[in-house]
Amino acid sequence: MSLVDPAAGMGSAAAAEGGGVRREPLRGVRGMNDVLPAEQWLWRHFEESVAAVVTSYGYRQIRTPILEHAALFLRGIGEVTDIVEKEMYAFTDQLNGEYLSLRPESTAGVVRAVIEHHLLREGPQRLWYSGPMFRHERPQRGRYRQFHQVGLEALGLPGPDVDAELILVCARLWEELGLRDLSLDINSLGAMGERAAHRQALIAYFEAHRTLLDEDAQRRLHSNPLRILDSKNPQMQQLIEGAPSIDKFLGEVSRTHLARILEHLDRRGIAFRVNPRLVRGLDYYNLTVFEWIAPFGGKAPLTICGGGRYDGLFETLGGKAAHGCGFAIGVERVLEALRAVIPVQPDTCDVYLVHQADGSDLAAFELAERLRDQGLDVIVHCGAGQFKAQFKRADASGASYAVVIGEEELRAGQATVKALRDASVPQTRMAADQVAGYILEHGYAARP
Ligand code: ATP
Ligand code: MG
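About the cut-offs
Residues numbered from 1 in each chain as written. Chains lettered and ligands numbered in written order. Predicted model: local features only at pLDDT ≥ 70, side-chain atom pairs only at ≥ 80, totals over all residues. Heavy atoms only, no water. Domains from an automatic or database assignment. Helix = DSSP H or I, 4+ residues; strand = E, 2+ residues; numbered from the N terminus. Expected span 1.5 Å × (residues − 1). Buried < 20%, exposed > 50% of the residue type's maximum accessible area, 1.4 Å probe, protein only. Arc of directions from axis to C-beta. Contact = heavy atoms within 4.5 Å. Pairing = 2+ DSSP bridges. pLDDT = per-residue confidence, 0-100. Axes fitted to C-alpha atoms, helices over the stretch in contact; angles between N-to-C directions. Near = heavy atom within 4 Å. Polar contact = N/O pair within 3.5 Å; in protein donor to acceptor, adjacent residues only side chain to side chain. Areas by Shrake-Rupley, 256 points an atom, 1.4 Å probe, with all protein chains shown as cover. Nonpolar A, V, L, I, M, F, W, Y, C, P; charged D, E, K, R; others polar.

Some remarks on the domain arrangement of the chain
Phase 1: Entries for the chain in the domain assignment read domain 1 (37-191 + 251-339) and domain 2 (351-442).
Phase 2: Using only C-alpha atoms to locate each centre, domain 1 and domain 2 end up separated by 48 Å.

Printed below as a string of C-alpha coordinates:
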(Lines give C-alpha, C1' and ligand atoms only; values in the text may rest on other atoms or scores of the structure.)
(Ligands and ions follow the chains in the order given, each with its own letter.)
Protein backbone atom coordinates (compact mmCIF):
# COMPACT_ATOMS: atom_id res chain seq x y z
CA MET A 1 0.00 0.00 0.00
CA SER A 2 1.26 3.48 -0.72
CA LEU A 3 -0.10 6.86 0.26
CA VAL A 4 -0.38 9.80 -2.10
CA ASP A 5 -0.11 13.49 -1.31
CA PRO A 6 -3.02 15.06 -3.21
CA ALA A 7 -1.36 18.50 -2.95
CA ALA A 8 1.91 17.29 -4.46
CA GLY A 9 0.91 18.42 -7.97
CA MET A 10 0.90 22.08 -6.91
CA GLY A 11 4.48 21.93 -5.74
CA SER A 12 5.77 20.46 -8.97
CA ALA A 13 3.79 23.02 -11.01
CA ALA A 14 5.47 25.82 -9.11
CA ALA A 15 8.83 24.18 -9.56
CA ALA A 16 8.29 23.98 -13.32
CA GLU A 17 7.99 27.77 -13.45
CA GLY A 18 11.61 27.94 -12.51
CA GLY A 19 13.45 29.09 -9.42
CA GLY A 20 13.13 27.33 -6.04
CA VAL A 21 10.24 25.07 -5.21
CA ARG A 22 7.56 27.19 -3.55
CA ARG A 23 4.89 24.85 -2.26
CA GLU A 24 1.33 25.70 -1.27
CA PRO A 25 1.28 25.91 2.52
CA LEU A 26 -0.79 23.12 4.03
CA ARG A 27 -3.46 24.15 6.47
CA GLY A 28 -4.93 22.44 9.51
CA VAL A 29 -8.13 20.43 9.14
CA ARG A 30 -11.31 22.52 9.27
CA GLY A 31 -12.87 22.64 12.72
CA MET A 32 -9.66 21.44 14.40
CA ASN A 33 -7.83 24.15 16.30
CA ASP A 34 -4.24 24.77 17.24
CA VAL A 35 -3.78 25.88 20.83
CA LEU A 36 -0.91 28.33 20.56
CA PRO A 37 1.63 29.03 23.33
CA ALA A 38 0.00 32.32 24.37
CA GLU A 39 -3.15 30.36 25.31
CA GLN A 40 -1.45 27.66 27.34
CA TRP A 41 -1.70 29.45 30.67
CA LEU A 42 -5.50 29.36 30.35
CA TRP A 43 -5.59 25.65 29.52
CA ARG A 44 -3.17 24.87 32.30
CA HIS A 45 -5.12 26.95 34.79
CA PHE A 46 -8.25 25.01 33.88
CA GLU A 47 -6.55 21.60 33.89
CA GLU A 48 -4.88 22.21 37.26
CA SER A 49 -8.15 23.37 38.80
CA VAL A 50 -9.93 20.28 37.48
CA ALA A 51 -7.26 17.91 38.79
CA ALA A 52 -7.31 19.52 42.23
CA VAL A 53 -11.10 19.57 42.55
CA VAL A 54 -11.82 16.05 41.29
CA THR A 55 -9.01 14.58 43.39
CA SER A 56 -10.56 16.21 46.45
CA TYR A 57 -13.61 13.97 45.82
CA GLY A 58 -11.53 10.82 45.32
CA TYR A 59 -11.79 10.55 41.51
CA ARG A 60 -8.81 8.84 39.83
CA GLN A 61 -7.63 9.54 36.32
CA ILE A 62 -7.97 7.04 33.49
CA ARG A 63 -6.53 7.40 29.97
CA THR A 64 -8.12 5.41 27.17
CA PRO A 65 -7.13 5.40 23.48
CA ILE A 66 -8.37 8.00 21.03
CA LEU A 67 -9.06 5.23 18.50
CA GLU A 68 -11.56 2.50 19.34
CA HIS A 69 -13.47 -0.08 17.33
CA ALA A 70 -16.35 1.81 15.73
CA ALA A 71 -18.67 -0.91 17.07
CA LEU A 72 -18.09 0.45 20.57
CA PHE A 73 -19.84 3.68 19.67
CA LEU A 74 -22.49 2.08 17.45
CA ARG A 75 -23.50 -0.04 20.43
CA GLY A 76 -22.67 2.35 23.22
CA ILE A 77 -24.13 5.57 21.89
CA GLY A 78 -26.93 4.10 19.78
CA GLU A 79 -27.26 3.89 16.03
CA VAL A 80 -30.10 6.40 15.75
CA THR A 81 -28.24 9.40 17.19
CA ASP A 82 -26.65 12.47 15.63
CA ILE A 83 -23.23 11.26 16.65
CA VAL A 84 -23.42 7.84 15.06
CA GLU A 85 -25.51 8.84 12.05
CA LYS A 86 -23.53 11.90 10.99
CA GLU A 87 -20.64 12.85 13.22
CA MET A 88 -18.25 9.91 13.59
CA TYR A 89 -14.77 9.88 12.08
CA ALA A 90 -15.04 6.17 11.31
CA PHE A 91 -12.83 4.46 8.72
CA THR A 92 -11.46 1.13 7.70
CA ASP A 93 -7.84 0.70 8.75
CA GLN A 94 -5.99 0.32 5.46
CA LEU A 95 -3.43 -1.95 7.04
CA ASN A 96 -5.66 -4.64 8.53
CA GLY A 97 -9.25 -3.89 7.55
CA GLU A 98 -10.44 -3.11 11.09
CA TYR A 99 -13.38 -0.72 11.29
CA LEU A 100 -12.23 2.00 13.69
CA SER A 101 -13.37 5.41 14.85
CA LEU A 102 -11.85 8.43 16.51
CA ARG A 103 -13.72 8.73 19.78
CA PRO A 104 -16.66 11.18 19.70
CA GLU A 105 -16.91 10.98 23.49
CA SER A 106 -15.25 9.01 26.26
CA THR A 107 -17.88 7.32 28.39
CA ALA A 108 -18.10 4.27 26.12
CA GLY A 109 -14.30 3.89 26.11
CA VAL A 110 -14.04 4.22 29.88
CA VAL A 111 -16.79 1.65 30.45
CA ARG A 112 -15.14 -0.68 27.93
CA ALA A 113 -11.84 -0.38 29.78
CA VAL A 114 -13.50 -0.98 33.14
CA ILE A 115 -15.16 -4.14 31.81
CA GLU A 116 -11.98 -5.31 30.04
CA HIS A 117 -9.80 -4.86 33.13
CA HIS A 118 -12.44 -6.05 35.64
CA LEU A 119 -12.03 -2.84 37.63
CA LEU A 120 -15.39 -3.22 39.36
CA ARG A 121 -14.08 -6.36 41.10
CA GLU A 122 -12.13 -3.95 43.27
CA GLY A 123 -15.36 -2.16 44.18
CA PRO A 124 -17.03 0.98 42.87
CA GLN A 125 -14.86 3.24 40.75
CA ARG A 126 -14.69 7.01 40.70
CA LEU A 127 -12.86 7.91 37.50
CA TRP A 128 -12.06 11.00 35.47
CA TYR A 129 -10.55 11.62 32.05
CA SER A 130 -9.47 14.53 29.90
CA GLY A 131 -8.67 14.70 26.22
CA PRO A 132 -9.65 15.41 22.63
CA MET A 133 -12.90 14.14 21.06
CA PHE A 134 -13.87 14.17 17.39
CA ARG A 135 -17.22 14.87 15.78
CA HIS A 136 -17.83 15.80 12.18
CA GLU A 137 -20.14 18.74 12.90
CA ARG A 138 -20.52 22.07 11.15
CA PRO A 139 -17.88 24.24 12.84
CA GLN A 140 -19.24 27.32 14.61
CA ARG A 141 -18.78 29.10 17.91
CA GLY A 142 -18.39 26.49 20.65
CA ARG A 143 -18.72 23.64 18.16
CA TYR A 144 -15.60 22.14 16.62
CA ARG A 145 -14.56 18.91 14.96
CA GLN A 146 -11.79 18.31 17.41
CA PHE A 147 -12.74 19.54 20.86
CA HIS A 148 -11.82 18.58 24.38
CA GLN A 149 -13.77 17.11 27.21
CA VAL A 150 -13.08 16.54 30.86
CA GLY A 151 -15.41 13.96 32.33
CA LEU A 152 -16.15 12.05 35.49
CA GLU A 153 -17.68 8.59 35.73
CA ALA A 154 -18.91 7.08 39.01
CA LEU A 155 -19.29 3.36 38.36
CA GLY A 156 -20.92 0.63 40.42
CA LEU A 157 -23.02 3.01 42.51
CA PRO A 158 -26.83 3.18 42.19
CA GLY A 159 -27.31 6.77 43.43
CA PRO A 160 -29.03 9.06 44.08
CA ASP A 161 -26.22 10.11 46.46
CA VAL A 162 -23.45 9.83 43.87
CA ASP A 163 -25.58 11.60 41.22
CA ALA A 164 -25.72 14.55 43.62
CA GLU A 165 -22.00 14.25 44.35
CA LEU A 166 -21.20 14.62 40.64
CA ILE A 167 -23.22 17.82 40.48
CA LEU A 168 -21.46 19.08 43.61
CA VAL A 169 -18.09 18.44 41.94
CA CYS A 170 -19.18 20.66 39.05
CA ALA A 171 -20.39 23.39 41.39
CA ARG A 172 -17.08 23.38 43.26
CA LEU A 173 -15.15 23.52 40.00
CA TRP A 174 -17.13 26.53 38.75
CA GLU A 175 -16.55 28.22 42.09
CA GLU A 176 -12.82 27.47 41.97
CA LEU A 177 -12.63 28.88 38.43
CA GLY A 178 -14.62 31.99 39.35
CA LEU A 179 -17.48 31.19 36.96
CA ARG A 180 -20.73 32.64 38.26
CA ASP A 181 -24.27 32.84 36.90
CA LEU A 182 -24.24 29.32 35.48
CA SER A 183 -27.61 27.64 35.49
CA LEU A 184 -28.33 24.02 36.20
CA ASP A 185 -31.15 22.11 34.51
CA ILE A 186 -32.05 18.69 35.82
CA ASN A 187 -34.59 16.04 34.92
CA SER A 188 -35.35 12.37 35.27
CA LEU A 189 -35.76 10.14 32.23
CA GLY A 190 -37.28 7.46 34.42
CA ALA A 191 -36.80 3.72 34.44
CA MET A 192 -37.13 1.40 31.43
CA GLY A 193 -40.90 0.81 31.66
CA GLU A 194 -41.61 4.48 32.19
CA ARG A 195 -39.49 5.44 29.24
CA ALA A 196 -41.37 2.89 27.11
CA ALA A 197 -44.75 4.38 28.03
CA HIS A 198 -43.47 7.90 27.39
CA ARG A 199 -42.08 6.73 24.07
CA GLN A 200 -45.50 5.41 22.97
CA ALA A 201 -47.09 8.73 23.91
CA LEU A 202 -44.42 10.64 21.97
CA ILE A 203 -44.91 8.51 18.88
CA ALA A 204 -48.67 9.05 19.03
CA TYR A 205 -48.21 12.81 19.45
CA PHE A 206 -45.67 13.24 16.67
CA GLU A 207 -47.66 10.95 14.35
CA ALA A 208 -50.62 13.23 14.81
CA HIS A 209 -48.39 16.12 13.64
CA ARG A 210 -46.41 14.23 11.03
CA THR A 211 -46.47 17.05 8.46
CA LEU A 212 -44.60 19.35 10.85
CA LEU A 213 -41.68 16.96 11.32
CA ASP A 214 -38.40 17.57 9.53
CA GLU A 215 -36.58 14.81 7.71
CA ASP A 216 -34.52 13.66 10.74
CA ALA A 217 -37.59 13.61 12.95
CA GLN A 218 -39.62 11.61 10.39
CA ARG A 219 -36.89 9.04 10.26
CA ARG A 220 -36.58 8.84 14.04
CA LEU A 221 -40.29 8.83 14.73
CA HIS A 222 -40.36 5.09 15.36
CA SER A 223 -36.73 4.28 16.01
CA ASN A 224 -35.90 7.01 18.54
CA PRO A 225 -38.70 9.51 19.18
CA LEU A 226 -37.04 10.83 22.35
CA ARG A 227 -34.31 12.23 20.18
CA ILE A 228 -36.82 14.47 18.40
CA LEU A 229 -37.10 16.42 21.66
CA ASP A 230 -33.39 17.19 21.36
CA SER A 231 -33.75 18.66 17.85
CA LYS A 232 -32.01 21.97 17.24
CA ASN A 233 -34.35 22.86 14.35
CA PRO A 234 -36.02 26.18 15.30
CA GLN A 235 -39.05 25.36 13.11
CA MET A 236 -39.85 22.40 15.32
CA GLN A 237 -39.49 24.04 18.71
CA GLN A 238 -43.18 24.89 19.07
CA LEU A 239 -44.19 21.35 18.25
CA ILE A 240 -41.64 20.04 20.75
CA GLU A 241 -42.96 22.39 23.44
CA GLY A 242 -46.36 20.72 23.16
CA ALA A 243 -45.08 17.14 23.29
CA PRO A 244 -45.97 14.94 26.27
CA SER A 245 -43.21 15.29 28.82
CA ILE A 246 -41.68 12.48 30.84
CA ASP A 247 -42.71 13.74 34.27
CA LYS A 248 -46.25 12.45 33.81
CA PHE A 249 -44.85 8.95 33.36
CA LEU A 250 -42.43 8.77 36.27
CA GLY A 251 -43.13 6.18 38.96
CA GLU A 252 -42.50 6.43 42.67
CA VAL A 253 -38.92 5.14 42.58
CA SER A 254 -37.86 7.55 39.86
CA ARG A 255 -39.50 10.49 41.62
CA THR A 256 -37.83 9.67 44.91
CA HIS A 257 -34.46 9.33 43.19
CA LEU A 258 -34.77 12.80 41.69
CA ALA A 259 -36.18 14.32 44.88
CA ARG A 260 -33.22 13.08 46.90
CA ILE A 261 -30.76 14.70 44.50
CA LEU A 262 -32.67 17.96 44.73
CA GLU A 263 -32.46 17.80 48.52
CA HIS A 264 -28.71 17.50 48.29
CA LEU A 265 -28.60 20.51 45.96
CA ASP A 266 -30.78 22.55 48.31
CA ARG A 267 -28.60 21.63 51.26
CA ARG A 268 -25.52 22.81 49.40
CA GLY A 269 -27.27 25.98 48.18
CA ILE A 270 -27.06 25.08 44.49
CA ALA A 271 -29.83 26.64 42.43
CA PHE A 272 -31.45 24.43 39.79
CA ARG A 273 -34.43 24.21 37.49
CA VAL A 274 -36.26 20.94 36.98
CA ASN A 275 -36.76 20.92 33.24
CA PRO A 276 -39.06 18.09 32.15
CA ARG A 277 -38.04 18.67 28.51
CA LEU A 278 -34.37 18.01 29.12
CA VAL A 279 -33.17 14.90 27.28
CA ARG A 280 -29.60 14.20 26.29
CA GLY A 281 -27.99 13.59 22.91
CA LEU A 282 -26.77 10.13 23.82
CA ASP A 283 -28.91 7.03 23.96
CA TYR A 284 -27.79 5.40 27.14
CA TYR A 285 -29.23 7.61 29.85
CA ASN A 286 -31.85 6.65 32.45
CA LEU A 287 -33.12 8.44 35.55
CA THR A 288 -30.92 11.49 36.16
CA VAL A 289 -29.95 13.89 33.39
CA PHE A 290 -28.51 17.35 33.91
CA GLU A 291 -26.87 20.22 32.06
CA TRP A 292 -24.98 23.32 33.10
CA ILE A 293 -25.50 26.36 30.91
CA ALA A 294 -23.29 29.45 30.74
CA PRO A 295 -24.91 32.80 29.88
CA PHE A 296 -22.11 34.62 27.91
CA GLY A 297 -23.50 38.14 28.28
CA GLY A 298 -24.73 39.37 24.92
CA LYS A 299 -23.99 36.12 23.07
CA ALA A 300 -26.17 33.02 22.99
CA PRO A 301 -25.84 30.80 26.07
CA LEU A 302 -23.96 27.52 25.67
CA THR A 303 -24.25 24.21 27.44
CA ILE A 304 -20.85 23.69 29.00
CA CYS A 305 -21.48 20.40 30.75
CA GLY A 306 -23.90 17.54 30.37
CA GLY A 307 -24.34 14.30 32.20
CA GLY A 308 -26.53 11.74 33.83
CA ARG A 309 -27.08 8.14 34.79
CA TYR A 310 -26.54 5.26 32.35
CA ASP A 311 -27.34 2.04 34.15
CA GLY A 312 -27.87 0.12 30.89
CA LEU A 313 -24.49 0.80 29.30
CA PHE A 314 -22.46 -1.99 30.88
CA GLU A 315 -24.80 -4.66 29.55
CA THR A 316 -25.05 -2.96 26.16
CA LEU A 317 -21.28 -3.27 25.91
CA GLY A 318 -21.32 -6.93 26.91
CA GLY A 319 -20.38 -6.49 30.56
CA LYS A 320 -22.19 -7.60 33.70
CA ALA A 321 -24.97 -5.21 34.69
CA ALA A 322 -23.55 -2.30 36.70
CA HIS A 323 -24.60 1.20 37.60
CA GLY A 324 -22.99 4.24 36.04
CA CYS A 325 -23.38 7.98 36.30
CA GLY A 326 -21.18 10.73 34.91
CA PHE A 327 -20.81 13.98 33.05
CA ALA A 328 -18.62 15.62 30.43
CA ILE A 329 -17.49 19.23 30.32
CA GLY A 330 -16.86 20.94 26.98
CA VAL A 331 -13.45 22.47 27.64
CA GLU A 332 -13.42 25.03 24.80
CA ARG A 333 -16.77 26.37 25.96
CA VAL A 334 -15.64 26.69 29.57
CA LEU A 335 -12.48 28.46 28.43
CA GLU A 336 -14.56 30.90 26.43
CA ALA A 337 -16.49 31.70 29.62
CA LEU A 338 -13.25 31.89 31.62
CA ARG A 339 -11.62 34.38 29.27
CA ALA A 340 -14.34 36.84 30.17
CA VAL A 341 -13.68 36.62 33.91
CA ILE A 342 -9.93 36.27 34.38
CA PRO A 343 -7.19 38.67 33.26
CA VAL A 344 -4.72 37.50 30.61
CA GLN A 345 -1.51 36.16 32.09
CA PRO A 346 1.39 37.01 29.80
CA ASP A 347 4.22 34.47 29.45
CA THR A 348 7.03 35.12 31.88
CA CYS A 349 10.33 33.66 32.96
CA ASP A 350 12.66 34.69 35.79
CA VAL A 351 15.91 35.32 34.00
CA TYR A 352 17.03 36.04 30.45
CA LEU A 353 20.75 35.46 30.12
CA VAL A 354 22.45 37.94 27.83
CA HIS A 355 26.04 37.27 26.82
CA GLN A 356 28.55 38.60 24.30
CA ALA A 357 32.18 37.62 24.32
CA ASP A 358 34.28 35.00 22.69
CA GLY A 359 33.17 31.70 24.25
CA SER A 360 30.64 33.37 26.53
CA ASP A 361 28.00 30.78 25.62
CA LEU A 362 29.87 28.17 27.66
CA ALA A 363 29.86 30.37 30.76
CA ALA A 364 26.25 31.40 30.13
CA PHE A 365 25.05 27.80 29.90
CA GLU A 366 26.95 26.92 33.06
CA LEU A 367 25.49 29.83 35.03
CA ALA A 368 21.99 29.11 33.71
CA GLU A 369 22.16 25.53 34.98
CA ARG A 370 23.21 26.84 38.40
CA LEU A 371 20.25 29.23 38.47
CA ARG A 372 17.88 26.43 37.45
CA ASP A 373 19.30 24.33 40.29
CA GLN A 374 17.94 27.07 42.56
CA GLY A 375 14.48 26.83 41.00
CA LEU A 376 14.70 29.78 38.60
CA ASP A 377 13.33 29.64 35.05
CA VAL A 378 16.05 30.79 32.69
CA ILE A 379 16.22 31.48 28.97
CA VAL A 380 19.76 31.69 27.61
CA HIS A 381 20.13 33.91 24.57
CA CYS A 382 21.06 31.72 21.60
CA GLY A 383 22.37 32.79 18.22
CA ALA A 384 24.77 35.56 19.39
CA GLY A 385 24.04 39.18 18.31
CA GLN A 386 24.55 42.72 19.69
CA PHE A 387 23.69 43.50 23.34
CA LYS A 388 20.95 45.85 22.24
CA ALA A 389 19.14 43.16 20.27
CA GLN A 390 19.63 40.66 23.09
CA PHE A 391 18.12 43.06 25.63
CA LYS A 392 15.12 43.50 23.35
CA ARG A 393 14.58 39.75 23.45
CA ALA A 394 15.07 39.78 27.22
CA ASP A 395 12.35 42.38 27.57
CA ALA A 396 9.97 40.56 25.24
CA SER A 397 10.46 37.29 27.14
CA GLY A 398 8.75 38.79 30.17
CA ALA A 399 11.80 37.97 32.32
CA SER A 400 12.16 39.76 35.65
CA TYR A 401 15.95 39.93 35.35
CA ALA A 402 18.57 40.12 32.67
CA VAL A 403 21.81 38.50 33.73
CA VAL A 404 24.69 39.73 31.61
CA ILE A 405 28.03 38.15 30.79
CA GLY A 406 30.23 40.49 28.70
CA GLU A 407 34.02 40.48 28.07
CA GLU A 408 34.86 41.78 31.54
CA GLU A 409 32.46 39.57 33.43
CA LEU A 410 33.72 36.55 31.52
CA ARG A 411 37.31 37.29 32.38
CA ALA A 412 36.51 37.84 36.07
CA GLY A 413 34.10 34.91 36.51
CA GLN A 414 31.30 37.38 37.18
CA ALA A 415 27.89 38.44 35.89
CA THR A 416 25.87 41.66 36.02
CA VAL A 417 22.32 41.43 37.29
CA LYS A 418 19.82 43.96 35.97
CA ALA A 419 16.20 44.00 37.16
CA LEU A 420 13.94 44.60 34.17
CA ARG A 421 10.66 45.39 35.94
CA ASP A 422 11.66 46.77 39.32
CA ALA A 423 13.62 50.06 39.34
CA SER A 424 14.34 49.77 43.07
CA VAL A 425 16.73 46.84 42.57
CA PRO A 426 20.21 48.23 41.84
CA GLN A 427 22.14 46.93 38.84
CA THR A 428 25.05 45.02 40.35
CA ARG A 429 28.08 43.09 39.19
CA MET A 430 28.93 40.06 41.30
CA ALA A 431 30.64 36.69 41.30
CA ALA A 432 28.71 34.19 39.16
CA ASP A 433 27.95 31.99 42.13
CA GLN A 434 26.18 34.85 43.94
CA VAL A 435 23.65 35.57 41.20
CA ALA A 436 21.00 33.09 42.32
CA GLY A 437 21.14 34.31 45.92
CA TYR A 438 20.86 37.94 44.84
CA ILE A 439 17.80 37.29 42.69
CA LEU A 440 16.07 35.15 45.28
CA GLU A 441 16.73 37.81 47.92
CA HIS A 442 15.28 40.65 45.82
CA GLY A 443 12.32 38.60 44.58
CA TYR A 444 10.82 38.58 41.17
CA ALA A 445 8.25 41.10 40.06
CA ALA A 446 6.56 38.60 37.77
CA ARG A 447 5.99 36.12 40.55
CA PRO A 448 4.10 36.92 43.70
P1 ATP B 1 -25.13 19.48 21.67
O2 ATP B 1 -26.56 19.19 21.99
O3 ATP B 1 -24.70 20.91 21.94
O4 ATP B 1 -24.68 18.96 20.35
P5 ATP B 1 -24.23 17.11 22.92
O6 ATP B 1 -25.43 16.57 23.57
O7 ATP B 1 -23.82 16.54 21.61
O8 ATP B 1 -24.32 18.69 22.80
P9 ATP B 1 -22.45 15.88 24.81
O10 ATP B 1 -22.20 14.75 23.91
O11 ATP B 1 -23.29 15.69 26.00
O12 ATP B 1 -23.01 17.10 23.94
O13 ATP B 1 -21.05 16.54 25.24
C14 ATP B 1 -20.88 17.21 26.49
C15 ATP B 1 -20.39 18.61 26.27
O16 ATP B 1 -19.31 18.63 25.36
C17 ATP B 1 -21.41 19.56 25.66
O18 ATP B 1 -22.24 20.08 26.64
C19 ATP B 1 -20.53 20.62 25.07
O20 ATP B 1 -20.12 21.54 26.07
C21 ATP B 1 -19.33 19.84 24.61
N22 ATP B 1 -19.40 19.56 23.16
C23 ATP B 1 -20.15 18.63 22.53
N24 ATP B 1 -19.92 18.66 21.20
C25 ATP B 1 -19.00 19.64 21.00
C26 ATP B 1 -18.33 20.17 19.85
N27 ATP B 1 -18.56 19.68 18.64
N28 ATP B 1 -17.44 21.19 20.02
C29 ATP B 1 -17.18 21.68 21.26
N30 ATP B 1 -17.77 21.24 22.37
C31 ATP B 1 -18.67 20.23 22.26
MG1 MG C 1 -24.04 17.20 19.60
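Looking at helix H11 (residues 252-268)
Phase 1: A rise of 1.5 Å per residue sets the reference length of H11, with its 17 residues, at 24 Å; its end C-alpha atoms lie 25 Å apart and thus fit the reference within 8%.
Phase 2: Within H11, burial applies to Ser254, His257, Leu258, Ile261, Leu262 and Leu265. Down the axis, H11 shows its buried residues gathered within 130° of arc, on one side only. In H11, the exposed positions angled more than 90 degrees off the buried face are occupied by Glu252, Val253, Asp266 and Arg267.
Phase 3: Taken together, the buried residues of H11 touch helix H6 (161-177), strand E7 (183-188), helix H7 (192-208), strand E8 (273-274), strand E9 (286-294) and strand E10 (302-309).
Phase 4: At the C-terminal side of H11, glycine 269 shows a positive phi close to 75°.

What about the pairing of strand E11 (residues 324-330)?
Phase 1: For E11, a buried count of seven out of seven residues is recorded, marking the element as mostly surrounded by other parts of the structure.
Phase 2: Side chains Gly324, Gly326, Ala328 and Gly330 of E11 all project onto a buried face; the interleaved residues Cys325, Phe327 and Ile329 project onto the opposite face, where all are buried too.
Phase 3: In the sheet, strand E6 (residues 146-155) pairs with E11 via seven bridges, with the strands oriented antiparallel. Bridged to leucine 152 within E11 is phenylalanine 327.
Phase 4: Judged from the five bridges that link them, E10 and E11 form a sheet pairing that is antiparallel. Its bridge partner being in E11, arginine 309 is matched across the sheet by cysteine 325.

Looking at the environment of cysteine 305
Phase 1: Here cysteine 305 shows up in strand E10.
Phase 2: Of the residues examined, cysteine 305 reaches a relative accessible area of 1% and is grouped as buried.
Phase 3: With 196 residues separating them along the chain, cysteine 305 and glycine 109 place their C-alpha atoms 19 Å apart.

What about the confidence of the model for the chain?
Phase 1: Within the chain, residue pLDDT values average 91, and 95% of them lie at 70 or more.
Phase 2: Low pLDDT, under 50, characterises residues 11-16; the predicted model gives this stretch four contacts beyond four residues in sequence or across chains.

A few points about the environment of leucine 168
Phase 1: Within the secondary structure, leucine 168 sits in helix H6.
Phase 2: For the pair formed by leucine 168 and tyrosine 57, sequence separation is 111 residues and the distance between their alpha carbons is 9.6 Å.
Phase 3: Those residues in contact with leucine 168, other than ones at most four positions away along the chain, are Tyr57, Leu265, Arg268 and Ile270.

What to know about the sheet that holds strand E3 (residues 90-92)
Phase 1: In spatial order, the strands read E2-E4-E3; together these three strands make up an open sheet with antiparallel pairing. In this open sheet, the two strands that pair with only one neighbour each are strand E2 (67-69) and E3. Adjacent strand axes in the sheet meet at a mean angle of 35° when their direction is disregarded.
Phase 2: As paired elements, E2 and strand E4 (residues 99-102) share three bridges and run antiparallel to each other. Bridging from a neighbouring strand, leucine 67 pairs with leucine 102 of E4.
Phase 3: Against the sheet, helix H3 (residues 70-77) touches E2, E3 and E4, its axis set at about 70° to E2.

Quick word on the site of ligand 1
Phase 1: In the region of ligand 1, 16 residues are neighbours, and Arg135, Glu137, Arg143, Lys232 and Arg280 sit closest.
Phase 2: One nitrogen or oxygen atom from the main chain of glycine 142 is found 3.5 Å from a nitrogen atom belonging to ligand 1.
Phase 3: Within the side chain of lysine 232, an N or O atom sits 2.8 Å from an oxygen atom of ligand 1.
Phase 4: Within the complex, 92% of the 590 Å² of free accessible area of ligand 1 lies under protein.
Phase 5: Of all the secondary structure elements, the ones that give two or more residues to the shell around ligand 1 are E6, E10 and E11.
Phase 6: Of the residues forming the shell around ligand 1, the biggest block, three residues, is contributed by E10.
Phase 7: Residue composition of the shell around ligand 1, by class: five nonpolar, five polar and six charged.

Quick look at unusual backbone geometry
Phase 1: A cis geometry characterises the amide bond from glycine 159 onward to proline 160, with omega recorded as 5°.
Phase 2: Mapped onto the elements, proline 160 comes out in the loop between E6 and H6.
Phase 3: Even without being glycine, leucine 287 reaches a positive phi, approximately 50°.
Phase 4: Looking at the element boundaries, leucine 287 is found in strand E9.

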